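What the coordinates show
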Amino acid sequence: MADREQFLANIRDALSSSNHSVSPAQAGAQPPARPDSVEKPPPSDLLAQLERTAALQSWHFTRAADENEAAASIVEIAKEHGAGRVVRTAHDVLERMALDAALTEAGMESVLLAETLGGLDAQARQDTAAAAAVGVTGVDAVIAETASVALVPRRGMSRQASLLPPVHVAVATADQVVASLDDVLALRLDALAEAEEATWYMNLVSGPSRTADIEQTLVVGVHGPGVVYLVVIGE
Amino acid sequence: MTEVLSARFKSQAAEALGNVTIQESLDRLVNFRQGRVDAIAEYGQDRWDALSDRAREIKRDTLEHLDEYLDQLSRQVERAGGHIFFATDAQEANDYVAKVAAAHDVKTVIKSKSMVSEEMGVAAVLESMGIEAVETDLGEYIIQLAREAPYHIIAPALHKSKEEVSELFQRILGTPAESDITALAGIARQVLREKFLQADMGMTGANFGVAETGTIVMVTNEGNGRMCSSLPRVQVATMGMERVIPRLRDVATYLPLLTRSATGQRISSYVSFVTGPRRRDEEDGPQEFHLVILDNGRSRMLADPELREALYCIRCGACLNACPVYGKVGGHAYGWVYPGPIGAVVTPSLVGVPRAKDLPFASTLCGACRDVCPLKIDIPRMLLKLRSDAVEGPAETRVPRRVESLMMRVWRRTVAGPRLFSLAGKAASAAQWPLSRRGALRWLPPPLSGWTRSRDFPRAAMRPFRARWRNHEGRHGR
Ligand code: SF4
């Protein structure tokens, strides 16, 4: 069994036995400098770009003027998919729009997938998410270039709401749209520097679950949601 | 470790050449090639080249300081509450995974696609312990049911027709015959959904391991990787030691190179960043996280200045798609986990040249692999080096005759007509044919002249795969 020291010593041996261009002067590992980052485009451009890329990535893209309009859209989506029950996360944006009330009024049930908030236990939560027709979540950021939403699970924000139901509705506000992946990673690094615990999980979701593993024919919804909606609130 | 059958290259290749289903499935590689070309055009060639240069530069630096970055990665994983295991070889890695599974009394393991776990052959090891180990990537699931090795790095079941998949499902799952591909995927979804919900342990690979933060990055499309890293109590990730990258923001350099080269996607459906187990205040996620970092011969490649560059590989599969030889002999001919041009370098390097000495000859040295590689890895140069290792003498005088004549057969078929020619790779930029600019290739045997002539062959019609892949609004109900 190789312990860390032994394993790394073996690598050092391999490196020193090679006559590759290792300069002995290189004391510490210094990665090459980043190229200058491109100038930030104005937010309206980012939204226009997102609208384009979202379609290319097979999101159903919707703009909403305000929270009320967004809630109405979500109710319509849930109806369209015959959802008796919708599962959701505790993102602020969903609280602000009073989604539960809107769904209940339309004759549907809205379940918050959260144990830490005094809701369901682990097994019940998983069963509920797996049986729901629609999962609704907020997001942490949206990348305009690739129409990717960043989801960082934490208290009240289960990983399952965007994964187990066949339909996922992601709700973002216009100010969450950033230009590129690099922006999201920089944001995460900032959050990490402030966080007490250094662990975090993040998913970038860029459209429906896809496969082309049989005869290179595209099929959506193979394991994750096959139908995805992106609702952006505001200008 | 997964058994090495590379010594049977000749018979395995001949088999593929005579199999119509396989030849038809290999024809479909045109979709990947066209997707890549379009995706790079969208990104912008200049930007692409800059990204590619930067990616090479980072890899060079990373490998020169590999011990330091691995040390940092492992300490950051531990800091995040994860466990680290350094495995010298596949056996050690398998033993560790088996130990973790036993300690948690695991009954069912769900696996997402990982070339390193294929290298280890860990599924077989778990099954020998009475643990159900289920591959959950659709392609991997199909070949697991068929008890075969992956045919392609990106598309493991590339060689299977829908009829074969239907028969397989009928035979093993007892489902009715099905000719619709969406319905076939639906069967797999149903069967595997149950496994996801009941599994105790998830095994994943790692496309990148970020030293700075102790994060592993998984690039997937189906969602099974998210299941494996979210639902079970324990997650075990395996990665080759060369997959470390220095900083989180380096992901922004490698990710576009990977997805655009592999399938022509601007990004995959899911990119998961996993840093240790679930946090205390999280709703779900594994309670325990293990990262197994594997050497298994890689330090030998690191030590060899002529082979080190092969460790730059990000496993995008573009060189397979571009290779006229892979395009005819297919993945199983290569006899181990890594097929195609990069496999012809990696396999002899990892398992030893004597066990795979035909592989370096399984190439026309046309240079298409190097031209499409997002890391610009000089595969032909390494194949030449391995050739001379294989024969211990000047390569041009000792080429094993039977492999050479097989290559000529491949050659003739490749240039025989426009349809077959399409295989030979518009992925490579035809205008910059390497023959004119690479001195090393001058001594090549005659078939190469056919290659140069083939430049003027008409381009085969290509199905608009990229459009299908990306623009399928409204088709999701199919
Ligand atoms: S060698 Fe290059 S083209 Fe081939 S799989 Fe690796 S990165 Fe991709």
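This text follows the structure it describes.
Analysis parameters
Residues numbered from 1 in each chain as written. Chains lettered and ligands numbered in written order. Predicted model: local features only at pLDDT ≥ 70, side-chain atom pairs only at ≥ 80, totals over all residues. Heavy atoms only, no water. Helix = DSSP H or I, 4+ residues; strand = E, 2+ residues; numbered from the N terminus. Buried < 20%, exposed > 50% of the residue type's maximum accessible area, 1.4 Å probe, protein only. Contact = heavy atoms within 4.5 Å. Areas by Shrake-Rupley, 256 points an atom, 1.4 Å probe, with all protein chains shown as cover. Near = heavy atom within 4 Å. Nonpolar A, V, L, I, M, F, W, Y, C, P; charged D, E, K, R; others polar. Pairing = 2+ DSSP bridges. Axes fitted to C-alpha atoms, helices over the stretch in contact; angles between N-to-C directions. Core = buried A, V, L, I, M, F, W, Y, C linked by side-chain atoms within 4.5 Å. Phe/Tyr/Trp six-rings, centres within 6.5 Å; stacked < 30°, edge-to-face > 60°.

A look at the overall build of chain B
- Check the secondary structure of chain B and you find 24 helices and 10 strands.
- Counting only residues that meet the buried cut, chain B has 68% of its 478 residues in that class.
- Long-range contacts, defined as pairs at least 24 residues apart, comprise 78% of the intrachain contacts of chain B with a sequence gap of at least 6.
- Total accessible area on chain B is roughly 15800 Å²; 49% of this is exposed by carbon and sulfur atoms.

Considerations on the site of the ligand
- Surrounding the ligand, one finds Cys313, Ile314, Arg315, Cys316, Gly317, Ala318, Cys319, Ile342, Cys373, Pro374, Ile377 and Ile379 of chain B.
- A per-class count over the shell around the ligand returns 10 nonpolar, one polar and one charged.

Side note on the sheet that holds strand β3 (residues 109-112) of chain A
All names here are of chain A.
- On the basis of which strands lie adjacent, the open sheet formed by six strands has the order β1-β12-β7-β4-β2-β3 and parallel pairing. Of all strands in the sheet, those bounded by a partner on one side alone are β1 (60-64) and β3. For this sheet, the mean inter-axis angle between neighbouring strands, taken without regard to orientation, is 20 degrees.
- The pairing of strand β4 (residues 134-138) with strand β7 (residues 167-173) spans five bridges and is classified as parallel. Pairing of valine 134 across the sheet is with valine 167, part of β7.
- Sheet strands touched by helix α3 (residues 67-80): β1, β2 (85-88), β4, β7 and β12 (227-233). Its angle to β12, the strand with the most contacts, is close to 170 degrees.

Observations concerning the nonpolar core
- By size, the foremost hydrophobic cluster in this structure holds 145 residues, and its most contacted members are Leu204 of chain A together with Leu70, Met201, Phe273, Leu291, Ile293 and Tyr334 of chain B.
- When sequence neighbours within four positions are dropped, the list of residues in contact with leucine 204 of chain A reads Ile143, Ser148, Val149, Ala150, Leu181 and Val184 of chain A together with Ile267, Ser269, Tyr270, Val271 and Phe273 of chain B.
- The next biggest cluster of nonpolar side chains, apart from the first, holds 33 residues, and it includes Ile110, Ala146, Phe169 and Ile181 of chain B.

Some thoughts on the packing of aromatic side chains
All names here are of chain B.
- One pass over the structure, following the stated rule, counts eight aromatic pairs over all chains.
- On the basis of an interplanar angle of 65 degrees and a centroid distance of 5.7 Å, the ring pair of phenylalanine 9 and tyrosine 334 is categorised as edge-to-face. With phenylalanine 9 in helix α1 (residues 9-17) and tyrosine 334 in the loop between α16 (326-329) and α17 (340-351), this pair connects stretches of sequence that are 325 residues apart.
- Residue class for phenylalanine 9 comes out buried when judged on its relative accessible area of 0%.
- For tyrosine 334, a relative accessible area of 0% translates into the label buried.
- Relative to tyrosine 96, the ring of phenylalanine 85 lies with its centre 4.3 Å away and its plane at 5 degrees, an arrangement referred to as stacked.

Quick look at the sheet that holds strand β6 (residues 148-151) of chain A
- Read across the sheet, eight strands follow the order β8(A)-β5(A)-β6(A)-β9(A)-β9(B)-β6(B)-β5(B)-β8(B) without closing on themselves; strand pairing throughout is mixed. Of all strands in the sheet, those bounded by a partner on one side alone are β8 (177-178) of chain A together with β8 (244-245) of chain B.
- When strand β6 (residues 215-220) of chain B meets strand β9 (residues 270-274) of chain B, the two strands line up antiparallel, connected through five bridges. Note on β9 of chain B: the bridge partner recorded for valine 219 of chain B is valine 271 of chain B.
- This element, helix α13 (residues 251-262) of chain B, spans β5 (208-210), β6, β8 and β9 of chain B of the sheet and lies at about 20 degrees to β6 of chain B.

Some points on the pairing of strand β10 (residues 288-294) of chain B
All names here are of chain B.
- Burial analysis of β10 places six of its seven residues in the buried class, which makes it a mostly covered element.
- Looking at chain direction, strand β1 (residues 83-87) and β10 are connected through five bridges and run parallel. Paired with histidine 83 across the bridge in β10 is histidine 290.
- Sheet analysis places strand β7 (residues 234-240) next to β10, joined by seven bridges and oriented parallel.

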